[in-house]
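A closer look at the structure
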Amino acid sequence: MSEAGGGPGCGFPVPQRAPWSLVAATAALCLVSATSVWTAGAAPMSREEKQKLGNQVLEMFDHAYGNYMEHAYPADELMPLTCRGRVRGQEPSRGDVDDALGKFSLTLIDSLDTLVVLNKTKEFEDAVRKVLRDVNLDNDVVVSVFETNIRVLGGLLGGHSLAIMLKEKGEYMQWYNDELLQMAKQLGYKLLPAFNTTSGLPYPRINLKFGIRKPEARTGTETDTCTACAGTLILEFAALSRFTGATIFEEYARKALDFLWEKRQRSSNLVGVTINIHTGDWVRKDSGVGAGIDSYYEYLLKAYVLLGDDSFLERFNTHYDAIMRYISQPPLLLDVHIHKPMLNARTWMDALLAFFPGLQVLKGDIRPAIETHEMLYQVIKKHNFLPEAFTTDFRVHWAQHPLRPEFAESTYFLYKATGDPYYLEVGKTLIENLNKYARVPCGFAAMKDVRTGSHEDRMDSFFLAEMFKYLYLLFADKEDIIFDIEDYIFTTEAHLLPLWLSTTNQSMSKKNTTSEYTELDDSNFDWTCPNTQILFPNDPLYAQSIREPLKNVVDKSCPRGIIRVREESFRSGAKPPLRARDFMATNPEHLEILKKMGVSLIHLKDGRVQLVQHAIQAASSIDAEDGLRFMQEMIELSSQQQKEQQLPPRAVQIVSHPFFGRVVLTAGPAQFGLDLSKHKETRGFVASSKPYNGCSELTNPEAVMGKIALIQRGQCMFAEKARNIQNAGAIGGIVIDDNEGSSSDTAPLFQMAGDGKDTDDIKIPMLFLFSKEGSIILDAIREYEEVEVLLSDKAKDRAAILKGKMIPSYIINSNPEMENEEQPSSENDSQNQSAEQMTSISQEIDLIDQESLEETSLNSHPESLSPADTDNAASVSPSEQNSNPAENHETTSLDGECTDLDNQLQEQSETEEDSSPNVSWGKKVQPIDSILADWNEDIEAFEMMEKDEL
């Protein structure tokens, strides 16, 4: 997001043909003069408290950055749970997520300008030297063009921008001679072959060494890309052209933006999520402001600010009007169909839309920014973090949270625009939640499930590039920063580009003369800075009055009361379209309506009924749209029926020294035994059973008596294992997968089922851990004989766990009511379907050997089991719906029991060789004694901090 600085010039008109440096600077400065307006509302925060919070952000950054440099560098990212670097090809593939990794020390490059913003100039100088010495951009790796642009190219340009600033100041970087800029130019040329398409839209991926289409490139066959992927290039590419004088980069980025604008849906002025890079046809016709589109809108407005080209402002204003007309349903932002924008495309929102209030601040539209931000904050207060997706009634839809910074970004810009200390308190909450729930000994771990508090072994580079930058700036005064941040604009990755680029090496025309603009009237667009008297009425409680009605919006039981009801235009006398909840397969009238909508009903041999939609067979385009909506409703209805009978994942929390509850492992539940969601958690020390498989009477009952028994998976039923350890006196059991290397990061969790007999005799809780998570406990036992764990439905408050132990205040000083918080219902991933997609809701229950093993994914990445496995497991939740744009129909079955997983098998990772002669890319695997030694040092440091505070 762009900096919204403070200045005296707001409210006066900017001449339509004023010098573009003035326009750019004014656009970046025009909002924060409103800061002085806010003299009441939330209680003001003292300078001392702001400094304390700023220092806490600095310490948090040191913890994350220091552990990356110690345990991961030169790898791309840190794996904070196992204290090692993530190297492409040496870890199980995570699919598209890994496309950001290119063996180019991603986290270091992404953090460069953060170091300067946080006044760590010596560390910045050292980091630049490391980049120049170690980073190789000529690796045989297939990477995302989008991610490489915003993270690596943007990081190099941001680092160069601040390096030349420091050099001009005369104290640091005196040796610097544009080396980062030369690396950026080298990378820019490596990305250019991706634009070799008839449309000018880039391929989504490119091989850094071999480019596109060559056999050794292993890419170049893709046909689709997301709108944001093609439309989020102009800032970095134009800056590269302006810095170097090489105009080709800006020309290519402009051509891509021009093509997207040309392909917008003319009646709604909206764009879809996915587009064919060769034909320009929309593949996914849903439109919103979240994933897949978000930064396209952001870069249109910021391109106007940075480059001074009014055509970008015209485009943005046209899109923004459509967004506020169709997508904005205050405080919600819901996706719609581009051809029928009065029809919602889905009933959930994704976390990436949290950037939008910040963009609205730059636009000057404050009221809806306050409303949406407050709604998001209420969701965070309910779940501690913003889930990857949540429904319109604020239940968890996708439970992950990879430490995304977009909400912190919007919080910063709203504070800059309003000066309301309420947003400082919001930032304080973010800091507390990060330290309390995400902090681990080797950094900060992403949340695998916000409902349970379980962690994922990842710390993405954007966490250091954006989160700490926005949080520090939120609490910093102008004198706390060594340069004037209002002279820069933020990219979507929060990298800093100087506004003076607007007058440097200008080779592109200021006005796009395509015929598209002849229909646009300048009277539709604002050519003045927002007037603060309009944005902020004299009432100093203005923002508070907007937030107040939304305080309890998340807890309302009937969300439809806050959703604007959409009215569709029906032909005179026509009945409303058939709704999935009203459909009856035996009703002839309903069957006739289905036929009109292009939906066929098929009776399967097993007695189930299946629906298939062929959009081209519908009576009209309106009927086809109604059919699409009906199919989507049927999918959601079928999925919801399953979810009502499903159990969410559980948590195994290590509470003994030196973990103290900071390590939470995701565990699969059981259909039998003590239900942890209805009874108090089980706490106890762990002990391995003998025999380890637990398939016969235990020979070491004295060792497991009163403890939680560890058992290996395999060779008998789960229920049989539970009975054997219960008879030996165990108070609980943890089954550890016997498939070495398995992990909840890459394999689906499942619910352990009974053995077909009455299991009421099993009274103890039973949980399942994959091999990687189980190894953390086993390694701890080898180092410490006594390891205590907590089995629960979700991670518990550390204050209750630690009970008076010497620990830093940030571990226990927030949300003490967490244990009593209402457990949200289990939700799982699903994908929006288009008229060209096929979805099948059916399930195949595989029988493994003779023991009727049933396994269904808790998430969207199923994995096959070993044929020798005879444990049994039962379905917990439906999987994410498959999407196949090549098929022009949708399918759904009406039994509502299971979801077909056949087409969701995870891609196998490709081992890629590094061509860098200078850097060792081998895994930095630490022995457990080294890891625990680090933890001991961490605990000692915490105790010292506590003494200092006392």
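Residues numbered from 1 in each chain as written. Predicted model: local features only at pLDDT ≥ 70, side-chain atom pairs only at ≥ 80, totals over all residues. Heavy atoms only, no water.

In the nomenclature of an unreviewed UniProt entry, the protein is known as alpha-1,2-Mannosidase of Equus przewalskii. For the protein, the Sequence similarities (unreviewed entry) comment in UniProt is given as "Belongs to the glycosyl hydrolase 47 family." UniProt's Subcellular location (unreviewed entry) comment on the protein is quoted here verbatim: "Endoplasmic reticulum". (UniProt positions renumbered as here; feature names shortened; annotations may be inferred.)

1. Description of the overall build of the protein
Helix and strand counts for the protein stand at 27 helices and 32 strands. Counting every position in the protein, which comprises 950 residues, the buried fraction comes to 64%. Looking at the protein alone, contacts between residues at least 24 apart form 75% of all its contacts between residues at least 6 apart. If you sum the accessible surface of the protein, you get close to 34700 Å²; carbon and sulfur atoms cover 48% of it. (Helix = DSSP H or I, 4+ residues; strand = E, 2+ residues; numbered from the N terminus. Buried < 20%, exposed > 50% of the residue type's maximum accessible area, 1.4 Å probe, protein only. Contact = heavy atoms within 4.5 Å. Areas by Shrake-Rupley, 256 points an atom, 1.4 Å probe, with all protein chains shown as cover.)

2. Thoughts on the packing of aromatic side chains
Under the definition given, this model contains 30 aromatic pairs. With a centroid separation of 6.2 Å and 25 degrees between ring planes, the pair formed by Tyr320 and Phe356 is classed as stacked. Remark: Phe356 occurs in helix α13 (residues 356–363) and Tyr320 occurs in helix α12 (residues 310–327); sequence separation between them is 36 residues. Ring centres 6.2 Å apart and planes at 15 degrees place the aromatic pair Tyr377 and Phe407 in the stacked group. Taken together, the positions of Tyr377 in helix α14 (residues 366–383) and Phe407 in helix α15 (residues 406–418) put the pair 30 residues apart, joining distant regions of the chain. Tyr377 gets classed as buried once you look at its relative accessible area, which sits at 7%. Under the relative-accessibility criterion, Phe407 is labelled buried at 5%. Here the guanidinium or amino end of Arg346 rests over the ring plane of Trp348, the centre of that ring lying 3.8 Å away. (Phe/Tyr/Trp six-rings, centres within 6.5 Å; stacked < 30°, edge-to-face > 60°. Lys NZ or Arg CZ within 6 Å of the ring centre and 35° of its normal.)

3. Topic: the sheet that holds strand β14 (residues 396–398)
Across the sheet, three strands lie side by side as β12-β13-β14; this open sheet has antiparallel pairing. Edge positions in the sheet fall to β12 (348–350) and β14, since each of these pairs with one other strand and no more. Strand-to-strand twist across the sheet, computed as the mean angle between neighbouring axes with direction ignored, equals 30 degrees. (Pairing = 2+ DSSP bridges. Axes fitted to C-alpha atoms, helices over the stretch in contact; angles between N-to-C directions.)

4. What about the environment of Leu106?
Mapped onto the fold, Leu106 is located in helix α3 (residues 106–110). Accessibility expressed as a relative area gives 0% for Leu106, which makes it buried. Considering only alpha carbons, one finds Leu106 and Val131, 25 residues apart in sequence, at a separation of 9.9 Å.

5. What about α14?
Taking 1.5 Å per residue, 18 residues should reach 26 Å; α14 reaches 26 Å between its end C-alpha atoms and fits that length. In terms of residue burial, α14 counts as a mostly covered element, since 16 of its 18 residues are buried. Trailing α14 by a residue or two, Asn384 shows a phi angle of about 75 degrees, which is positive. (Expected span 1.5 Å × (residues − 1).)

6. Concerning α13
Taken across its eight residues, α13 has seven buried, putting it largely inside the fold. Within α13 the residues assigned to the buried category are Phe356, Pro357, Gly358, Leu359, Gln360, Val361 and Leu362. Trailing α13 by a residue or two, Gly364 shows a phi angle of about 100 degrees, which is positive.

7. Observations concerning the packing of helix α5 (residues 121–134) against helix α6 (residues 145–169)
Two elements in contact, α5 and α6, have axes separated by 12 Å at closest approach and are oriented at 125 degrees. Considering their axes alone, α5 and α6 lie oblique with respect to each other. α6 is crossed by α5, and the crossing has left-handed handedness. Here Thr121, Phe124 and Val131 of α5 come into contact with α6, specifically with Leu156, Gly159, Ala163 and Leu166. (Parallel < 35°, antiparallel > 145°, perpendicular 65-115°, else oblique. Left-handed = near helix turned anticlockwise from the far one by under 90°.)

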